[in-house]
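The primary structure of each chain is shown beneath.
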Amino acid sequence: MMNTPQQVKNPSTSLKSRFITRFLGALTKINAEDPISSPSPTRIFQRYRRIKVASNKSMAYSVRSRRIWSRAMLSRFRSRRSAFSGRRSSVKTTNCTTINVTINENKTAKGGLDMQTDELRELVPGGEAMDVCNLLDETAHYIKCLTTQVQVMRKIVDFCHLSK
Amino acid sequence: MSSRRWRESSRTNISEEQITQLLSTLRQLLPEIPHSHSHKASSAAKVLKQTCNYIKTLHREVDDLSDRLSQLLATIDADSAEAAIIRSLLI
């Protein structure tokens, strides 16, 4: 298989391979459960949603619990699963309210940095509870993972085009 | 609320240097955007803003690629795809 002598197994390579394996597995499953021969807009939209979730989930599972953002994302997925059983969790609304309140508080607080990180905190999973150092560190890793996601998905799209 | 204040007091122990270092790590991940005025002195605010924009861009790309995949899906054969993709990405 991959027995090129120069190939150094570094963590990012393994992360990429893990993500590829997981994501392709998820795509195969989606394809098997919902064959593309039914092109209704609803079906295609549902498939798009499932693929997007599969992509984010595959990356979060590939990172496992090594990162705050991946742990936050994984627990989000788990709580979403239980929410589908009927319980609508209002946790998300509470968090947004907290963020809005602290924006006003921070006008008197030490750094303008706190206000500036508020938008970032909403974008990075689990960002609301991180201190600034963690936030910046987690953001860097999150960006690296997102770019890997995009890179792999592009390759898959290209591959699909080629094999047509 | 109280956890926010606790975080603020612990932040005074985090040095400016640490934050600057983390910010420069972030800046290196961001795509090059030719700005006429900002050459070297990218303030923290600018880096954070660019980071937020970049993350939003990446989210949109995942969205867009998911959309395209949803229409292309039938042609995937996972095993051969996996081998080919891993090979092409790791070279």
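Residues numbered from 1 in each chain as written. Chains lettered and ligands numbered in written order. Predicted model: local features only at pLDDT ≥ 70, side-chain atom pairs only at ≥ 80, totals over all residues. Heavy atoms only, no water.

## Let's talk about the overall build of chain A
Our working rule: Here a helix means four or more residues in a row that DSSP labels H or I, a strand means two or more in a row labelled E, and each is numbered from the N terminus. Relative accessible area decides the class of each residue, using a 1.4 Å probe on protein chains only: under 20% of the type maximum gives buried, over 50% gives exposed, and in between gives partly exposed. The contact criterion used is simple: two residues touch if any of their non-hydrogen atoms lie within 4.5 Å. Exposure was quantified through the Shrake-Rupley algorithm and a 1.4 Å probe, taking into account, for residues, occlusion by the shown protein chains and nothing else.
Looking only at helices and strands, one finds 6 helices and 0 strands in chain A. Scanning chain A from its N terminus toward the C terminus, one meets helices and strands in the order α-α-α-α-α-α. Across the 164 residues that make up chain A, the buried fraction comes to 40%. Nonlocal contacts in chain A, meaning residues at least 24 apart in sequence, comprise 56% of its contacts between residues at least 6 apart. In the form shown here, chain A has an accessible surface area of approximately 9300 Å², with 55% of it arising from carbon and sulfur atoms.

## Focus on the overall build of chain B
What chain B contains, in helices and strands, is 4 helices and 0 strands. The burial tally for chain B puts 35% of its 91 residues in the buried class.

## Points about helix H6 (residues 132-162) of chain A
Note the following rule: To estimate the expected span of a helix, subtract one from its residue number and multiply by 1.5 Å. Contacts described as polar in this section are N or O atom pairs within 3.5 Å, which, within protein, must combine one atom able to donate a hydrogen with one able to accept it, while residues neighboring in sequence count only if both atoms come from side chains.
Here H6 of chain A spans 45 Å end to end across 31 residues, near enough to the 45 Å set by a 1.5 Å rise per residue. Its side-chain oxygen 3.0 Å from the backbone nitrogen of Cys133 of chain A, Asp131 of chain A forms the N-cap of H6 of chain A.

## Things to note about the side chain of Glu138 of chain A
Residues and elements named next belong to chain A. Locating Glu138 in the fold gives a position in helix H6. Of the polar contacts made by the side chain of Glu138, one reaches the backbone nitrogen of Trp69; its length is 2.8 Å. Beyond its immediate sequence surroundings of up to four residues, Glu138 is in contact with Arg67, Ile68, Trp69 and Met130.

## What to know about the nonpolar core
The line we're drawing: Here, nonpolar core means buried Ala, Val, Leu, Ile, Met, Phe, Trp, Tyr and Cys residues that are tied together by side-chain atoms lying within 4.5 Å of each other.
In this structure, Phe23, Leu136 and Ile156 of chain A are the most contacted members of the largest nonpolar core, which totals 54 residues. The set of elements that each furnish at least two residues to this core consists of helix H1 (11-33), helix H2 (41-63), helix H3 (68-83), helix H5 (113-123) and H6 of chain A together with helix H2 (16-29), helix H3 (44-72) and helix H4 (78-90) of chain B. Element by element, the count of residues in this core is highest for H6 of chain A, at 15 residues.

## As for the environment of Ser70 of chain B
Here Ser70 of chain B shows up in helix H3. Residues Ser70 of chain B and Ser42 of chain B, spaced 28 residues apart in sequence, show a C-alpha to C-alpha distance of 40 Å.

## Digging into the confidence of the model for chain A
Our working rule: Values of pLDDT, ranging from 0 to 100, describe the predictor's confidence in every residue of the model.
Overall, the predicted model of chain A reaches an average pLDDT of 78, with 71% of residues at or above 70. Note on residues 88-110 of chain A: pLDDT is under 50 here. Beyond four places in sequence and across chains, it has 16 contacts.

## Section: H2 of chain B
All names here are of chain B. Our working definition: Comment: arc refers to directions from the helix axis out to C-beta atoms.
A rise of 1.5 Å per residue sets the reference length of H2, with its 14 residues, at 20 Å; its end C-alpha atoms lie 20 Å apart and thus fit the reference within 8%. Regarding H2, the residues found buried are Ile19, Leu22, Leu23 and Leu26. Projection of H2 onto a plane perpendicular to its axis shows the buried side chains occupying an angular sector of 100 degrees, all on one side. Exposed side of H2, more than 90 degrees from the buried face: Glu17, Gln21 and Gln28 are the residues found there.

## Looking at the pattern of salt bridges
Rules: In the sections that follow, a salt bridge refers to a side-chain nitrogen of Lys or Arg positioned within 4 Å of a carboxyl oxygen of Asp or Glu.
Applying the stated criterion across every chain, the model contains 6 salt bridges over all chains. Lys52 of chain A serves as the salt-bridge partner of Asp63 of chain B, at 2.8 Å between the closest nitrogen and oxygen. Here Asp63 of chain B is found in helix H3, whereas its partner Lys52 of chain A is found in helix H2 on a different chain. A salt bridge links Arg67 of chain A to Glu138 of chain A; the shortest N-O distance between them is 3.4 Å. A residue pair is termed long-range when its members are at least 10 positions apart, and Arg67 of chain A in the loop between H2 and H3 and Glu138 of chain A in helix H6 qualify at 71 residues. Looking at Glu138 of chain A, the relative accessible area reads 4%, which means it is buried. The network of salt bridges with shared partners includes Arg67, Asp137 and Glu138 of chain A.

## Section: the packing of H6 of chain A against H2 of chain B
Selection criterion: What counts as an axis is a line fitted to C-alpha atoms, over the stretch in contact for a helix, and the angles between N-to-C directions run from 0 to 180 degrees. Each angle receives one of four descriptions, namely roughly parallel if under 35 degrees, roughly antiparallel if over 145, roughly perpendicular if within 65 to 115, and oblique otherwise. The handedness criterion is simple: a crossing whose near helix is rotated anticlockwise from the far helix by less than a right angle is left-handed, and one whose near helix is rotated clockwise is right-handed. Any residue that is not Ala, Val, Leu, Ile, Met, Phe, Trp, Tyr, Cys, Pro, Asp, Glu, Lys or Arg is counted as polar, Gly included; the first ten are nonpolar and the last four charged.
The contact between H6 of chain A and H2 of chain B brings their axes to 10 Å, and the two run at 15 degrees. With respect to each other, H6 of chain A and H2 of chain B are oriented roughly parallel. Relative to H2 of chain B, the crossing made by H6 of chain A is left-handed. Residue-level inspection shows Val132, Cys133, Leu136, Asp137, Thr139, Ala140, Ile143 and Lys144 of chain A of H6 of chain A in contact with H2 of chain B, the latter providing Gln18, Ile19, Leu22, Leu23, Leu26 and Leu29 of chain B. Among the residues forming the contact of H6 of chain A with H2 of chain B, the class breakdown is 10 nonpolar, 2 polar and 2 charged.

## What about the environment of Tyr54 of chain B?
Mapping Tyr54 of chain B onto the fold places it in helix H3. Each C-alpha atom, one on Tyr54 of chain B and one on Pro31 of chain B, is 8.0 Å from the other, the two residues being 23 residues apart in sequence. Residue contacts for Tyr54 of chain B: discarding those within four places in its chain leaves Ile143 and Thr147 of chain A together with Leu29, Leu30 and Pro31 of chain B.

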